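Here is how the chains run, residue by residue.
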Amino acid sequence: MIHIVYVGLLAAQVAQAPSSPPVDSGPASPPSVPADSAVSAATNALARGLPWRATLLLAPVLSDSTRRTSEAVLLAATAASRWGGWEEVQRLLSPESWADSAFGGEGRLLLARAALERRQDSLAAANAGRAIALLDDSERRGTAFVYLAEVLERLGSRDSAAKSYVRAAELLPGVADWLWLRAAGVTTDSAGRATAYAALRRPATRVRIPFTEAVIREHIGDYLGAAQRYDLLGARTTALRLRLAAANDSAGRDSMRRELVAFVDARPSVGDAQRAIAILDSAFTGLGPGDALIVARAAAAAGLPPRAVAGFTRALEAGIGDAEDRFEFATALGRVGRYRESAKEFERVPAGHRQGGAAAYQRGRALLRDAQEESATKALRLVLRRFPQDTAAATPALLLLADLAIDARHDADARKLLARLAAQFPKSRFAPSARFQAALIALLEGGAETAAKEFDALAASRNAGDEVPAAMYWSGRAWAQTGDSARARGRWSTLAARDPTSYYAGLSEERLGLSRWLPPAAADSFVPVPEVDSAMARADLLVRIGLSQEAAWEHEDIARQADQSVDRLLATANAFRERDLGSPAIRLARRAIARGAAGDARTYRLLYPIVRPDAILAQATVQRLDPSFVAALIRQESMFNPGATSSVGARGLMQVMPDLGRILAKALSFPAWDPALLYQPDVSLELGTRHLAELVHRYDDPARTLAAYNAGVSRVDRWMSREGVADAEIFVERIPFIETRDYVRLILRSRDLYRGLYAWMASSEPRS
């Protein structure tokens, strides 16, 4: 309570402080520094978007008393703030007496943000108040008021927080609407909120009013009123959570438990199911077997295998649940890596059940994943005897047995299994792949003409699907091996003309001795769209003052408005690209292409953007990698989204797993390690390119390198024992994982496009 009173008084004092004349200062920038080479290099790194690199460069400067200056310390603190090193900011600046006497209060502003991020609320308020008194331009003073408002809001001093947001709005007119909306979101008085809403002028903020009303009612404890509004907004799980919070007796809580269970039983969206299950788990312990079974089924469908395992275990031990539940239980066990138990549960699904054949096949897969290859092979052969006509069981069993035969270098046996699949199940989704792999084996065994005819037949088939380009290309290779160069060139020429952007078109061009296809040249010129420029400027300012959610809403609105015309789509995509926001640029460029945008180099540079080009080039040069190869990999891994997180936990631009990141960081002598660093672009690039370079050195082939980056070294080493894979193109085709095979093909083709679309200037000879 003392803390709240203190910061409330502080807020009142700073809210009454006279404002400085508005100054358009632009984004905060590191201070000017003396001509210390390391400091100069760090300044340059920071300007190029490499804050972690700047931190590393400054470490020896700060440890040397003859080189450590206030400018270098502030530069180091600025760098740390940009990679989220708030503890480092405090360590650097807290002892410095000049924080209130030099650099116009910039150090104090950094300390305010650091304390805010570390939830040191009283300290954050004190630093923000001192920064307000020191700062002499509108943007920085407005930023300090935002920090103060956020901490006051967190401490429950809502009226003071509202005043600080309003003061920030006066200093930051470009984003005043968003700050007025924030003020409304902490104003308990409905008349005061109405005044704040009346100040909103832009549709993007006015559309948020209903959400703001729901939020403030939740904050002031009107849970039922908030729930009603969330229901109207379609946020059903939030409404359920609040109604549960309002239930103040056992009967009310029991009623809400039943409602939540009924909600998940109705199979809502994945996100709603996940949120509802989380509410149940946080509020109720020891669900009965019936409820546990309902939740387990919902968890299995919502991609929560650990939760599904727990629920099914409770229900099945109580003697409830059917064969379908047993199948889902076994599946969930496999997804959490408990393969031996999974195999046992699949075995308990009755053969006569509609999932009986699929369960028998999945049992074989589980045994294989548990490294019981002999038992797995027997189980898969049993599937073929017991379920010979079951498409869901026999076809994948044939494919997996063929794959095991290929691993054992028994290609003739594999070809028989594949031919059996194609003949017995010609309309199966596995049939085209089986036909392709069987033809490839014929080619490897010396039957070039047989292979060529089989590839041609597959390419002409109505059911060939995605295998058509592969069949056409390999038909050309097979005919070439027979000595029929005319037929070979005919296949490749047709393929290159049909879809010039495809992986197989690129291979065909190489076989034909042609230059790789590139879109027609076009300069990066876009129609001016003032509304986009002003909206992007607002979003930029919101990012600078720390309002990332509001910046995201601005970006969403900008993207939504882009559909007014093709020209606006392209101009908006370019605006996102210029801000290193590659994902929305790619999405908008795709929409533009779908609406008829010219397929020229200008459009393709939006489809295949480069964000942080200096950083990519710098790390590629250090690791002697082709920067186009690195850019293509990043595009596939994360769509240039530095905040990307995969389903298995890989993070950042290059999707590095935390454990691998820790190992690489240690090898690179990082002074500190936190998995959150993987979300920093320059850290992800440094670690990712280091790992990529190690794989390039290990395999000296881009296809194998990419396969290892995606699927792991152990798998690639196993695949390299297969027949014919000394030929890199054959290696790609013999990758058994469809995801990895597509991954390799897409990146190799993207690499060629990046090479042609951009004039990279690497300082060393690149590999891959």
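> Looking at this model, I keep getting lost on helix α36 (residues 613-622). Mind explaining?
An α-helix turns once every 3.6 residues. As a result, residues three or four positions apart point the same way. All buried positions along α36 are accounted for by A615, I616, Q619, A620 and T621. On its buried face, α36 sits against α37 (627-638) and α39 (681-699).

> In this structure, what is going on with helix α38 (residues 658-667)? I would like to understand it.
When α38 is considered as a whole, its buried residues turn out to be G661, L664 and A665. Summarising the axial view, the buried residues of α38 lie within an arc of 100°, below the 170-degree limit, and thus occupy one face. Along α38, the residues that are exposed and aim more than 90 degrees away from the buried face are D659, I663 and K666. Summarising the contacts, the buried residues of α38 are in contact with α39.

> Got a minute to help me understand the side chain of D600 in this structure?
Among the secondary structure elements, D600 is positioned in the loop between α34 (582-594) and α35 (601-607). Although D600 is buried, it makes no salt bridge; R602 carries the closest opposite charge, 4.2 Å away.

> How do you make sense of the nonpolar core when you look at a structure like this?
Nonpolar side chains tend to gather and get buried jointly when the protein is soluble and globular. In terms of nonpolar packing, the biggest core is built from 132 residues, with L93, F455, W474, M654 and V744 touching the most fellow members. One finds L148, L171, V186 and I209 within the second-largest nonpolar core, a separate group that totals 44 residues.

> What is the right way to look at the pattern of salt bridges in this model?
Two side chains carrying opposite charge are able to pair once their charged atoms lie near each other. Within the structure shown, the criterion is met by 65 salt bridges. Across the pair E729 and R511 runs a salt bridge whose closest N-O atoms are separated by 3.3 Å. Here the residue E729 occupies a position in helix α42 (residues 728-733), and R511 occupies one in helix α30 (residues 503-512), the gap between them amounting to 218 residues. Taking the relative accessible area as the measure of exposure, E729 reaches 13% and is therefore buried.

> Teacher, can you tell me more about the packing of aromatic side chains here?
For any pair of aromatic rings, the description rests on two quantities: the centre-to-centre distance and the angle between the ring planes. Taken as a whole and assessed by the stated rule, the structure comprises 16 aromatic pairs. Each ring, one from W52 and one from F670, has its centre 5.0 Å from the other, and the planes form 45°; the classification is tilted. With a gap of 618 residues between them, W52 in helix α3 (residues 51-62) and F670 in the loop between α38 and α39 connect regions that are remote in the sequence. For W52, a relative accessible area of 2% translates into the label buried. Relative to W553, the ring of W178 has its centre 5.8 Å away and its plane inclined at 25°; by these criteria the two rings are stacked. Here W178 is found in helix α10 (residues 176-185), whereas its partner W553 is found in helix α32 (residues 548-561), with 375 residues between them in sequence. An aromatic cluster of three or more residues is present, and its members are Y473, W474, W492, Y503 and Y504. Over the ring of W553 we find R208; its NZ or CZ atom is 3.7 Å from the centre of that ring. Seen from the ring of Y608, R635 lies directly overhead, with NZ or CZ sitting 4.0 Å from the centre.

About the criteria used
Going along each chain's sequence as written, the residues are numbered from 1 onward. pLDDT decides what is reported in this predicted model: residues at 70 or higher carry local features, side-chain atom pairs at 80 or more are listed and counted, and totals for whole chains, interfaces and linings draw on all residues regardless. Side-chain measures here rest on the full set of heavy atoms in the structure, leaving out hydrogens and waters. Each residue gets one of three labels from its accessible area relative to the maximum for its type: buried under 20%, exposed over 50%, partly exposed in between, using a 1.4 Å probe on protein chains only. Numbering of helices and strands starts at the N terminus; helices are DSSP runs of H or I of at least 4 residues and strands are runs of E of at least 2. For this analysis, residues touch if any pair of their heavy atoms sits within 4.5 Å. Of all possible arcs, the one meant is that of the directions from the helix axis to the C-beta atoms. Neither His nor the chain ends is counted toward charge; the positive residues are Lys and Arg and the negative residues Asp and Glu. Salt bridges, as used here, are contacts in which a Lys or Arg side-chain nitrogen is within 4 Å of a carboxyl oxygen on Asp or Glu. In this description, a nonpolar core means a group of buried Ala, Val, Leu, Ile, Met, Phe, Trp, Tyr and Cys residues linked to one another through side-chain atoms lying within 4.5 Å. Aromatic contacts are taken between Phe, Tyr and Trp rings whose centres are within 6.5 Å, Trp giving its six-membered ring; a plane angle under 30 degrees counts as stacked, one over 60 as edge-to-face, and the others as tilted. We call a charge positioned over a ring when the NZ of a Lys or the CZ of an Arg lies within 6 Å of the ring centre and within 35 degrees of the ring normal.

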